[in-house]
Structure formats: C-alpha cells, structure tokens
Amino acid sequence: MHRGKLDCAGGGLLSSYLIVLIILLAVIICTVLAIVCVSMKGTICNPGPRKSMSKLLYIRLALFLPEMVWASLGASWIADSVQCDKTVVNGIIATVVISWIIIFSTVVTIIIVFDPLGGKMAPYSSAGPGHLDSHESSQLLTGLRTAATSVWETRIKLLCCCVGKDDQTRVAFSSTAELLSTYFSDTDLVPSDIAAGLTLLHQQQDSIRNNQEPDEVISHSPEPAQEADLDAELENCHHYMQFASAAYGWPLYIYRNPFTGLCRVGGDCCRSRTTDYDLIGGDQLPCHFGSILQTTGLQHRDFIHISFHDKVYELPFLVALDHRKESVVVAVRGTMSLQDILTDLSAESETLDLECEAQDCLAHKGISQAARYVYQRLINDGILSQAFSIAPEYRLVIVGHSLGAGAAALLAIMLRKAYPEVRCYAFSPPRGLLSKSLHEYSKNFTVSLVLGKDVIPRLSVTNMEDLKKRVLRVIAHCNRPKYKILLRGCWYELFGGDPDNFPTELDGGDHGDLTQPLLGEQSLLTHGSSAYSCFSDSPLDSPTKYPHLYPPGRIIHLEEEGTAGRFSCYTTQYTARWAHESEFSRLLIGPKMLTDHMPDILMRALDSIVSDRATCISCPAQGGPHVDLV
C-alpha cells in the first residue's frame, strides 16, 4: 500500500526491514499455531500426545534471537533521520516499539514463571520410599528444596523491587519464599492447569450442594444469648465498619464515590498542612483526611492520631473519639500495598507472650508483628493515654478489615489486660490467625463478620493445602482436554447451567491413587503408583511451623437469600446468623469469592440487612427488646 512512499533517503532500508519483518512474523505465527494445536491434545494428566511441545517451544525461543536483532536494526534505522512519509515512519516506529514490548514482557515472564528445578525435583520426589530412605537422596532432596526457596526469593525480590531492603523486608522475603516453595515445589502445574482445576472444583461443589438434602447440612445452633444479641451486634458492625473503611483513606472513598468523591476530597490534597494535622500526628494526611471525615462523619477535633506510615509488618491506623457510641475507636487498615502482601504471606506461626488464661498462644507471624507495632505506638507514644484523658468514661473498640481485622483481633488480645472492657469487630478476617485456645479466648470480646463465599476468612495454609489436593484430584479424574474445560468453565461462570452436565470424574477411577501431588510428566491415572511418598515430609504438615489456625471470636455470617442468577437485576437480599468456625474450614470456589471480600460490597450488605431487620423488628408480631452492647 505504501511502497511508493518509500522512494526517499533511507527508504530502501525501511522497505527491506518491513519485508523481512513480515517473513519473520509469518514464521512466528506458524510456530505459535503449531503450539496451540499441539497443546489442545491429550488431557492435563496425560501429556503423551503433547511430546512435541518442548521442541516447538525451543523453536519459538530460538526465533527471539532474530526478532531481537531485527528490532534493534529497525530502531537504529529509524534513529537515523529518515526523510520519508510521516505515516510510514510512524507505522515502523510502532512495529519497533511493539516488538520490544513483546520481547521484554516475554523475558520477564520467563524469569518469574520458569522453574529451573522442575525437571530435577520430579525424579527424587517420585522415586518411592526405598530410594528416599538413603542418606544421599535425603541430602539431594534437601538441597533441591533449598534451591527452590532461593528461586522463589529471587522472584519475589524482582516483583517487589521497590519495597525496600531493610531487615524486616528481608525477613518477609525469606518467609514468603519458603511458604511458596513449600506449597508449589511438589507440583508441576501451570497457571492454566490451576484455572481448569478451580473451574472443575466449582462445578463439583455446586453439584454437591444441589444434590444435598436439607437434613444433611450440618448446623451448629447458636446459644440463646448469642441469638438474642445478633441484632445489636449487627448494628454495631454496621456502625464500626465506617471506621474500618475510613482507615483505607482516599482510594476506597473515591472508588465508592466515583462521580462525587474527587470533588469532595480533592481540595484537601492541595491544602497546606495546618495545626489540625499536627495535633493528630498525621503523616501523608492531606489527601486522606477529607475522605476520613466524609466516611466517619466526625470532626477534626474527634481524631487523636492518624498514621499512614506503611512498611512490612507496620500498618497504617487511626484513633478517634466516637461520641455516638461513647468509645475510643482504633481502626487498622487492611491490605493495600506490596508491603501489606508480604505481611500477609509471612504465614508461619509464632508464640505470643501474653498474660492471659489461654494456652498455646500461637498466631500468624506477619499479622502478630503488625499488631505489635500498632500496640507499641499506642502505648509508648501515649496515644491511648491521650484519648482516655479526654474521655475517661469511654470504652475501647478496635476494628479492621481483612489484614487490618487480623491485626485488630490480636491487638485486642494484647490490650485486654490493660483495658478489660475492650471490644473488637473484625470484618472479613483471615482464618489462619489464632491457635485454638486463643480462638476460644477471643470469643469473649471479639465479633467477626463474614460475607458469603469470601475467600479470606477461609484462607489458611492448611486450607490451601486441602485445596491443592482437591484440585489435583479433580483434574486427574477429568478426561477432557484443558481447552474444553476452560471454555465450558467460562460459559458456566458467566451464564450458569447444570454442573452435572460436565463429568469431572472418570468411571471406575481409584480415588486413593489420586490424592498425591502431580509431578513432572508422570500420569496420576496409573494405578498402584508409589510416587510422591515424600509428600508427608512437607513442612506444611509440620505441627510446629504451620499448625491449624482459626479465625477470631464469634462469627456472624451474611448469606445471600435464594440463588440469584448471574445477571440478576434485583437487589441482593441477605440473611444473618451466628456461624461456627468449622463452616469456614474449606475454600469455596465461585465468582463472588473475591468480590465478597471488598469493603464496599460488605458495607452495602450491612446497609441492606440492618435496614431489613430494623423494619422486621418494628413489626408488632416480631418486635422485641433491642439492646445496644456498646
């Protein structure tokens, strides 16, 4: 189309560049098409029909060399002042830029995703118990696990290169790398395998739920006293959730109010610091303070301290006087940064030095460190003393959402001796937080709120290990190609359907052989295999480092009423009830497992259920005394 426009100085070079580029791209496209065709053969656990895949991948990898050379030549030719048609030159510049973006993204993906130990781990992990008993094999396996941890630590450092390099960050890197290497080192699954497994597991869970008789559902009846104060605690949760969301600052406020939020708080960003900011000891406040005032409805003078200092194991928090409930409120922020994610992933347990009647005081290490940081700030900096000097008759209430909920629950335990009347409201807290004894102890003063299928209150190391085993089982039993699983899964997630229409288990399959991890190219469909006997040696099964942990306090579960369709135009209705912690001992797969954790969705559900229950309570037939606990 533009050959006539290349009759200019340097046009011959550009013409040659385009012709060679077209030929190179044609070869690359043919290679990629061959990869796509081969990848559609076989099943996840039957890689035999895909034996030629490695050769095709090496061919595609080799093509990156001429692609990089030609992109470099194109960049140098364009750099020379070529006096050709502007449209043609701009088009060639675009091809050069896009080529380098593709090359760079591919290199980064390979560095982060590629496992250099995958081929070495499999033989030793599948050698059977006789081989693993030897001292030499044990040393090799230990060395491979150490190397796997090092690989994961390198990946994490690359992804979190902007976090910092202090001692706490290095400890968090090591802790996170050890957790991820332990969890993934005995599997050989790619992300699409995991996506297919989760899709099958979701359909399997829905099928079991649909076929379950009402009398088969195990329920834990709440105590009469608990049922009596459900309305009061829901009203308290509705009130204190405002503080938990305010701790997120302006990002959540603008997300909840996309059209008016920026206008309401935008002026504060440009305003210079005033004495109001200095009085509350705030850092990075100008943009956040306006949103906090709008969310809570309080005045400047009601805030004692606001901090948005954010590092690994150090969370932002605010302290305010809530005159409506006559309480001093400490709100801890949830996950919003890479530092917070590293705090979340420091999942080994540590012993807490607490002066309470609970035994075996174990807790999530990262969250307990964050709670200890807030505790030291509150006590050592005299923040709580200042608050209670202003309002000595008020009660201490600690709130938080997600990571902040876990830190709030632990902070309440730490402060209970000094403040016996302390109350904690933990919104969507992580499950893997407290030992059994601390879980029981926290019931006296902590209430947790969980919405629907929210994944975080069901998330712990042991639950993730259970999820891995169930995903491995379901993909090993499935006899469909992966692309069919994913296409069918996308349709099911978007439009629903009958989960029983898609078989997830092979007829006559031996379930016992399929509970072990998937490694290398060995098919899990082989009966009588003695592979993966070393799996029980995984640190995840160690009672000292990753024991079973539990959520904090008593739990209120908000559930959707009925089974609304995927695209229902009606407002979702919720029911509330007291739930037992065992109901959250397994991860539930579904499209709302992530959205149910969002603080704005939780606030909307609380608005709905509190207004509905208030309407019902006002009815003469259902009226009753309403007691406000706080």
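Computed from a predicted model, the values in this text were never measured in an experiment.

Undergrad: Sorry, what's going on with the overall build of the chain here?
TA: Across its full length, the chain carries 23 helices and 10 strands. Here the chain holds 630 residues, and the buried ones make up 47% of them. Of the contacts made within the chain by residues no fewer than 6 positions apart, 74% connect residues no fewer than 24 positions apart.

Undergrad: So what exactly am I meant to see when it comes to the environment of aspartate 607 here?
TA: Note on placement: aspartate 607 falls in helix α23 (residues 599-617). For aspartate 607, a relative accessible area of 37% puts it in the partly exposed group. Separated by 368 residues in the primary sequence, aspartate 607 and histidine 239 have C-alpha atoms spaced 9.8 Å apart.

Undergrad: What is the right way to read the UniProt feature "transmembrane region" (unreviewed entry) in the chain from this model?
TA: What UniProt calls "transmembrane region" (unreviewed entry) maps, in this numbering, to residues 12-36, 57-79 and 91-114. Annotated as residues 12-36, this span is 100% helix and 0% strand, and its ends, taken at the C-alpha atoms, are 36 Å apart.

Undergrad: Looking at this model, I keep getting lost on the packing of aromatic side chains. Mind explaining?
TA: Two measures describe an aromatic ring pair: the distance that separates the ring centres and the angle between the ring planes. Tallying each qualifying case throughout the model produces five aromatic pairs. On the basis of an interplanar angle of 20 degrees and a centroid distance of 5.4 Å, the ring pair of tyrosine 240 and tyrosine 425 is categorised as stacked. A residue pair is termed long-range when its members are at least 10 positions apart, and tyrosine 240 in helix α11 (residues 230-246) and tyrosine 425 in strand β7 (residues 423-427) qualify at 185 residues. A relative accessible area of 0% means that tyrosine 240 is categorised as buried. By the ring-pair criterion, three or more aromatic residues cluster together here, those being Tyr240, Phe243 and Tyr425. Arginine 60 extends its terminal NZ or CZ atom over the ring of phenylalanine 64, reaching a point 4.1 Å from the ring centre. Across from the ring centre of tryptophan 152, 4.6 Å away, lies the NZ or CZ of arginine 155, which sits over that ring.

Undergrad: I'm lost on unusual backbone geometry in this one. Help?
TA: A negative phi holds for most residues other than glycine; trans holds for most peptide bonds. The backbone phi angle of tyrosine 313 is positive, close to 65 degrees, even though this residue is not glycine. Of note in the backbone geometry, serine 428 takes a positive phi value of approximately 55 degrees without being a glycine. As for its position among the elements, serine 428 is in the loop between β7 and α20 (436-442).

Undergrad: Hey, could you run me through a nonpolar patch on the surface in this one?
TA: Together, Val32, Val36, Met40, Tyr483 and Leu487 make up an exposed nonpolar region whose accessible area comes to about 400 Å². Of all the secondary-structure elements, those providing two or more residues to the nonpolar patch are α1 (11-39) and α22 (482-495). Its location among the elements puts leucine 487 in helix α22.

Undergrad: Hey, could you run me through the sheet that holds strand β3 (residues 327-332) in this one?
TA: Consider a sheet: its strands pair through backbone hydrogen bonds, and that pairing is either parallel or antiparallel. In spatial order, the strands read β1-β2-β3-β6-β7-β8-β9-β10; together these eight strands make up an open sheet with mixed pairing. A single partner strand is all that each edge strand has here, and the edge strands are β1 (303-307) and β10 (574-579). The mean angle between the axes of side-by-side strands here comes to 20 degrees, regardless of whether they run parallel or antiparallel. With five bridges joining them, strand β6 (residues 395-401) and β7 adopt parallel strand pairing. Among the inter-strand pairings, valine 397 is bridged to a residue of β7, identified as arginine 423. Here helix α18 (residues 383-390) sits on the sheet in contact with β1, β2 (317-322), β3 and β6, set at roughly 160 degrees to β1.

Undergrad: Which parts of the structure should I look at to understand the side chain of lysine 325?
TA: Tracing the sequence through the fold places lysine 325 in the loop between β2 and β3. A polar atom in the side chain of lysine 325 sits 2.6 Å from the side chain of glutamate 235. Here asparagine 236 takes part through its side chain, which lies 3.0 Å from a polar atom of the side chain of lysine 325.

Undergrad: Explain the pattern of salt bridges to me, please; I cannot follow it from the model alone.
TA: Think of it this way: side chains of opposite charge can pair up when their charged atoms draw near. This model, assessed by the stated rule, comprises 27 salt bridges. Residue arginine 577 is joined to glutamate 583 by a salt bridge in which the shortest nitrogen-to-oxygen separation is 2.5 Å. Its relative accessible area of 25% is what places glutamate 583 among the partly exposed residues. One salt-bridge network, held together by shared partners, links Arg431, Lys436, Glu440, Lys443 and Glu581.

What counts and how
Residues numbered from 1 in each chain as written. Predicted model: local features only at pLDDT ≥ 70, side-chain atom pairs only at ≥ 80, totals over all residues. Heavy atoms only, no water. Helix = DSSP H or I, 4+ residues; strand = E, 2+ residues; numbered from the N terminus. Buried < 20%, exposed > 50% of the residue type's maximum accessible area, 1.4 Å probe, protein only. Contact = heavy atoms within 4.5 Å. UniProt positions renumbered as here; feature names shortened; annotations may be inferred. Phe/Tyr/Trp six-rings, centres within 6.5 Å; stacked < 30°, edge-to-face > 60°. Lys NZ or Arg CZ within 6 Å of the ring centre and 35° of its normal. Patch = residues over 30% accessible without salt bridge, like charges linked within 9 Å, V, L, I, M, F, W, Y side chains within 5 Å. Areas by Shrake-Rupley, 256 points an atom, 1.4 Å probe, with all protein chains shown as cover. Salt bridge = Lys/Arg side-chain N within 4 Å of Asp/Glu carboxyl O. Pairing = 2+ DSSP bridges. Axes fitted to C-alpha atoms, helices over the stretch in contact; angles between N-to-C directions. Polar contact = N/O pair within 3.5 Å; in protein donor to acceptor, adjacent residues only side chain to side chain.

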